[in-house]
Amino acid sequence: MVIFHLSVLAFLVIPLRNIRMPLILWVHKKEKVIGLNTLSKNVLNFQIVRSILSFTMMIILVTDPKYFSIV
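This one's a predicted model, so the numbers in the text were calculated from it and none came from an experiment. (Residues numbered from 1 in each chain as written. Predicted model: local features only at pLDDT ≥ 70, side-chain atom pairs only at ≥ 80, totals over all residues. Heavy atoms only, no water.)

*Asks:* Which residues make up the overall build of the chain, and what values do they have?
*Replies:* Of regular secondary structure, the chain possesses three helices and zero strands. Secondary structure elements in the chain, listed N-terminal to C-terminal, are α-α-α. Taking all 71 residues of the chain together, the buried fraction comes to 23%. Taking all contacts inside the chain whose residues are at least 6 apart in sequence as the whole, residues at least 24 apart take part in 40%. In the structure as shown, the chain presents an accessible area of about 5700 Å², 73% of it carried by carbon and sulfur atoms. (Helix = DSSP H or I, 4+ residues; strand = E, 2+ residues; numbered from the N terminus. Buried < 20%, exposed > 50% of the residue type's maximum accessible area, 1.4 Å probe, protein only. Contact = heavy atoms within 4.5 Å. Areas by Shrake-Rupley, 256 points an atom, 1.4 Å probe, with all protein chains shown as cover.)

*Asks:* Tell me about the packing of aromatic side chains, and please be specific about residues and values.
*Replies:* Following the criterion strictly, the structure yields zero aromatic pairs and no others. Positioned above the aromatic ring of W26 is the side chain of K30, whose terminal nitrogen or guanidinium carbon lies 5.4 Å from the ring centre. (Phe/Tyr/Trp six-rings, centres within 6.5 Å; stacked < 30°, edge-to-face > 60°. Lys NZ or Arg CZ within 6 Å of the ring centre and 35° of its normal.)

*Asks:* An account of helix α2 (residues 17-29) is needed here, citing residue identities and associated values.
*Replies:* The end-to-end C-alpha distance of α2, which contains 13 residues, comes to 18 Å, matching closely the 18 Å that a straight helix rising 1.5 Å per residue would cover. For α2, the full list of buried residues reads N18, I19, P22, L25 and W26. The buried residues of α2 occupy one face: seen down the axis, they fall within an arc of 140 degrees. (Expected span 1.5 Å × (residues − 1). Arc of directions from axis to C-beta.)

*Asks:* Tell me what's going on with the packing of α2 against helix α3 (residues 36-63), and back it up with residues and numbers.
*Replies:* Between α2 and α3, whose axes approach to 9 Å, the crossing angle comes to 165 degrees. Comparing their axes, α3 and α2 come out roughly antiparallel. Crossing of α2 over α3 shows left-handed handedness. Seen from α2, the contacting residues are N18, I19, P22, L23, L25, W26 and K29; seen from α3, they are L36, N37, S40, K41, V43, L44, Q47, I48, R50 and S51. In terms of residue class, the contact of α2 with α3 is made up of nine nonpolar, five polar and three charged. (Axes fitted to C-alpha atoms, helices over the stretch in contact; angles between N-to-C directions. Parallel < 35°, antiparallel > 145°, perpendicular 65-115°, else oblique. Left-handed = near helix turned anticlockwise from the far one by under 90°. Nonpolar A, V, L, I, M, F, W, Y, C, P; charged D, E, K, R; others polar.)

*Asks:* Run through a nonpolar patch on the surface, naming residues and quoting values.
*Replies:* Taken together, the side chains of L16, F55 and M58 present a nonpolar region at the surface, about 270 Å² in accessible area. Secondary-structure assignment places M58 in helix α3. (Patch = residues over 30% accessible without salt bridge, like charges linked within 9 Å, V, L, I, M, F, W, Y side chains within 5 Å. Salt bridge = Lys/Arg side-chain N within 4 Å of Asp/Glu carboxyl O.)

*Asks:* Describe the side chain of Q47, listing the residues and the values that go with them.
*Replies:* Position of Q47 relative to the elements: it lies in helix α3. Looking at Q47, its side chain comes within polar contact range of the side chain of R50, at 3.4 Å. (Polar contact = N/O pair within 3.5 Å; in protein donor to acceptor, adjacent residues only side chain to side chain.)

Here it is in structure tokens:
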């Protein structure tokens, strides 16, 4: 289960990998590991919400002119 928690760090290398990697692990190992179904759903839910909020905040920060003013 440690690999499932560490897989979310993959976003540092490739964007949106923090969603794909846990999804791949869940699909391939959900019958083999007890309790993985609940854990993977929680991890995926958190990572999806986090990615949406991060992208939204990046767009707001880049497009909002008040963040570019020096004053």
